[in-house]
Amino acid sequence: MKPVLSVASECAPLIKTGGLADVAGALPAAMATQGWDMRTLIPGYPAVISQSGRGRVVMEEDDLFGGPARIRAVIADGLKLLILEAPHLFDRGGGPYNDPSGRDWPDNPARFAALSWMGARIGAEGVGRWMPRIVHAHDWQAGLVPLYLSQRGDDRPSSILTIHNMAFLGMAPANLRAALRLPESGFTQDGYEFWNQISALKAGLVWADHITTVSPSYARELLTQEYGAGLDGLMRARAANLSGILNGIDLEAWNPATDPHIETYKSPGGKRRAKAALRAEFELDEADGPLCVVVSRLSDQKGLDILLDALPALVDRGGQLALLGSGDKGLETRFRQAANAHPNIAVHIGYDEAKSHRMIAGADAILVPSRFEPCGLTQLYGLRYGAVPIVAYTGGLIDTVIPATPMGLRTGVATGLQFHPVTSHALAGALIDAVTLYKRPGTWAALQKNGMRQQVGWEASAPDYAALYEELSPD
Ligand code: ADP
Ligand code: GLC
C-alpha cells in the first residue's frame, strides 16, 4: 500500500458540520481499494478525543503557535487517524470553528495554521517508517500545508489541495504573518496576499502541486468571475493543474436495504411505510402530491429563501414539504412561520443524523435549490433511496442528476429535475412539473428506479484520485 496523508478540519463520523466531513471520512476506504494507505490528520477537538482510543504518541512539538502539542496515532471507526492534540487550540466547547454562541473563534487563523504546520511536518518527516508520497489537504483550514511544505526543501511529497467550497477564503489580518510563520516574500499578489490580508485558501491554490475540486462543473465555474470569489484569475492561471473529481457517498452508511435508522426497502415501492412514518413524525396529513424534503445547512449558499418564495406552487397542488436544517436565524424563523401558516409544511430546526436518514428514506423528492454547490451530497442520498432530486442547475448538481427533459424521459434515462436560472420563478416551474410527473405513477417510478440504479459511490472517482496520486509521485 502506498502512503498518503490527508489533512482535514472535520471527518465523519467523529466530527462533522457538512459534506467535507463525509468526504474526508469516506476517502480512506475508497483509496484503499486503489492500493493507497491513507492516514488522516485532524484536530483533537473534545469530540474527537472522547470517541477515539488512546493509541500512541508519534510526534511532539514544544511550541505550536503558543503551546505544546503532540500527534497521537489511533484507529477509530476503521479510520487511521493522526490526532493533533493541542489543548490551547482545540480543547474548548462550541463547534470546530465557532464558540458556543456561534461566533468564529478569534484565533481560527492560528488554530488551522497549526493543523497545516503539522500536516507539512508529517509530510516531510513521516511518522516512524510511514513516509507519505502525497499530502492531500482539504479547504482553507489545510490551505497552508502546501506553502509550509515548500519551505522544507526539495525532498518532499507532492501536495494536492481540494476545494470543497471556494466561498471560504480563510482570511486573516496581514499583521499575523510572522505569528503564522509565513514567509515575508510570499506576501504578494502572486502569493498568499489577498486584498491586503492573508488568505490561507489562496496560499494553497498558489503553492499546491495540483488543485482539485469536487465536481467537473464546479471546476469550470471556478474559472469564471461569478463563482471564482475574486480568485478566478488565479484559477485560470492554474487551469492546467486543476481537475474536478466528483464526490461519492458511503454506500454502506446510506443503503436503503440495510439502513438501521429506517424500516428498510429495496425497491421504490418499498418506501410506502417509510413515507407514512415520516408523515407521522412531522405531523403531516395524507396528501395527493409528492412529499418533498430538505436536509441542509440554512445558509445563503443553499438558496432556501428561493424555496420559501416558490413553496405555494408545491403546497397549493397538494404537495408537502418537511425540512430539517439549522444555521441562519432569519431563515429558521421564516421556515417556522411557513410551517405555522400551512398544514402541508413541517419544519424541524436542528441537526439530526438519524432523522436525516428517515427523511430521505420516506421522501418522494429531495430539494436542493442551491445558488452554488461544489458537489452536494444529499441529492446523491436521494438518488439511492428513491427520493427524486429536484435541483438547481449549478456545480455538482449538474453532474449528478440526469434531468427529466422530454428526451430524458423518452429515452428512459432521467433521474431528477433541474431548474435554471436559480430563481423562485424557475423553481416554482420545476415544482409544478414535479407534481405533474408524480401524478403519472409509471413516469415517477421510472425516475426513482433510474436513480436507485445510478452509480453514486466512489467506484469512478477513487481511480481518478489514484491516477492523480500516481502522476504526482512517480516511482
Ligand atoms: P455542505 O457540505 O455544503 O453542507 P453537502 O450536501 O455536501 O453540503 O453535505 C451536507 C451534509 O451534512 C450531508 O451529509 C447532510 O446530510 C448533512 N446535513 C446537513 N444539515 C443537516 C442536518 N440539519 N441534520 C443532519 N444532517 C445534516
Ligand atoms: C462543501 C460543499 C458541498 C460539497 C462538500 C463536500 O461543503 O458546499 O457542495 O458536497 O463540501 O465536498
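Residues numbered from 1 in each chain as written. Chains lettered and ligands numbered in written order. Predicted model: local features only at pLDDT ≥ 70, side-chain atom pairs only at ≥ 80, totals over all residues. Heavy atoms only, no water.

Caption draft 1: Examining the side chain of S159 more closely. Within the fold, S159 resides in strand β7 (residues 158-163). In this structure S159 comes out as buried when scored by relative accessible area, which is 1%. (Helix = DSSP H or I, 4+ residues; strand = E, 2+ residues; numbered from the N terminus. Buried < 20%, exposed > 50% of the residue type's maximum accessible area, 1.4 Å probe, protein only.)

Caption draft 2: The arrangement of the pattern of salt bridges in detail. With the rule as written, the count across this model stands at 25 salt bridges. Between K275 and D364 there is a salt bridge; the shortest N-O distance is 2.7 Å. Residue K275 is found in helix α9 (residues 272-281), and its partner D364 is found in the loop between α12 (353-362) and β16 (365-368); the two are separated by 89 residues along the sequence. Each member of the pair, K275 as well as D364, carries the same accessibility label: buried. Where D309 meets R334, a salt bridge forms, and the shortest distance between an N and an O atom there is 3.5 Å. You can see D309 sitting in helix α10 (residues 304-315) and its partner R334 sitting in helix α11 (residues 329-341), a full 25 residues away along the chain. One network of salt bridges, in which partners are shared, links E61, R121, E125 and R152. (Salt bridge = Lys/Arg side-chain N within 4 Å of Asp/Glu carboxyl O.)

Caption draft 3: Spotlight on the pairing of strand β4 (residues 69-76). Counted residue by residue, β4 has six buried out of eight residues, so it is predominantly covered. Here strand β3 (residues 56-61) pairs with β4 via five bridges, running antiparallel. By the bridge assignment for β4, E61 is matched with A69. With seven bridges connecting them, β4 and strand β5 (residues 79-85) associate as antiparallel partners. Each residue of the ladder has a partner; that of R70, found in β5, is E85. The turn joining β4 and β5, which pair antiparallel and follow one another in sequence, is formed by two residues; a positive phi near 50 degrees is taken by D77. (Pairing = 2+ DSSP bridges.)

Caption draft 4: Representation of the sheet that holds β3 in the model. Taken in spatial order, the nine strands make up an open sheet running β3-β4-β5-β2-β1-β6-β7-β11-β12, and their pairing is mixed. Looking along the sheet, the strands with just one partner apiece sit at the ends: β3 and β12 (242-244). Averaged over all neighbouring strand pairs, the angle between strand axes comes to 25 degrees, with direction disregarded. Pairing of strand β6 (residues 134-138) with β7, which is carried by five bridges, proceeds in the parallel orientation. Looking at β7, one finds that H136 is bridged to I160. Along the sheet, helix α1 (residues 19-32) makes contact with β2 (36-43), β5 and β6, crossing β2 at roughly 155 degrees. Against the sheet, helix α18 (residues 461-472) contacts β1 (2-7), β2, β6, β7, β11 (210-213) and β12, and its axis sits at roughly 150 degrees relative to β7. (Axes fitted to C-alpha atoms, helices over the stretch in contact; angles between N-to-C directions. Contact = heavy atoms within 4.5 Å.)

Caption draft 5: Quick look at the packing of aromatic side chains. Evaluation of the coordinates by the stated rule reveals 14 aromatic pairs. The interplanar angle of 85 degrees and the centroid separation of 6.3 Å between the aromatic rings of F65 and W117 together place this pair among those described as edge-to-face. On the criterion of sequence distance, the pair formed by F65 in the loop between β3 and β4 and W117 in helix α4 (residues 108-125) is long-range, its members being 52 residues apart. Neither F65 nor W117 differs from the other in exposure class; each is buried. Taken together, Y45, F90, Y97, F112 and W140 form an aromatic cluster joined through their ring pairs. (Phe/Tyr/Trp six-rings, centres within 6.5 Å; stacked < 30°, edge-to-face > 60°.)

Caption draft 6: Seen up close, the site of ligand 1. As a structural note, the neighbourhood of ligand 1 is formed by 21 residues, with K16, G19, R297, K302 and G350 the closest of them. Separating an oxygen atom of ligand 1 from a side-chain N or O atom of K302 is a distance of 2.8 Å. Within the backbone of L377, an N or O atom sits 2.9 Å from an oxygen atom of ligand 1. Within the complex, 92% of the 560 Å² of free accessible area of ligand 1 lies under protein. Elements that contribute at least two residues to the shell around ligand 1 include exactly α1, β13 (291-298), β14 (320-327), α12 and α13 (378-384). It is β13 that contributes the most residues to the shell around ligand 1, three residues altogether. Class assignment for the residues of the shell around ligand 1 results in five nonpolar, nine polar and seven charged. (Near = heavy atom within 4 Å. Polar contact = N/O pair within 3.5 Å; in protein donor to acceptor, adjacent residues only side chain to side chain. Areas by Shrake-Rupley, 256 points an atom, 1.4 Å probe, with all protein chains shown as cover. Nonpolar A, V, L, I, M, F, W, Y, C, P; charged D, E, K, R; others polar.)

Caption draft 7: Molecular detail of α18. Along its 12 residues, α18 runs 17 Å from first to last C-alpha, staying within 8% of the 16 Å computed at 1.5 Å per residue. When α18 is considered as a whole, its buried residues turn out to be S461, A462, Y465, A466, L468, Y469 and L472. Seen end-on, α18 carries its buried residues on one side only, within an arc spanning 160 degrees. (Expected span 1.5 Å × (residues − 1). Arc of directions from axis to C-beta.)

Caption draft 8: Representation of the layout of surface pockets in the model. In this structure, the second largest pocket spans a volume of roughly 800 Å³. For the second largest pocket, the lining is made up of 35 residues, of which G25, A26, A29, L79 and D250 are closest to its centre. Counting residues per element, the ones that place at least two in the lining of the second largest pocket are α1, β2, β5 and α12. Sorting elements by how many residues they give to the lining of the second largest pocket places α1 first, with eight residues. Looking at side-chain class alone, the lining of the second largest pocket contains 20 nonpolar, six polar and nine charged residues. (1 Å grid on protein atoms, 1.4 Å probe; cavity = no way out; pocket = protein on both sides within 12 Å on 5 of 7 lines; lining within 4 Å. Points joined across faces, edges and corners; volume = space filled by probe spheres on them.)

Note that every value here comes from positions in space, so none of it alone points to a role or purpose.
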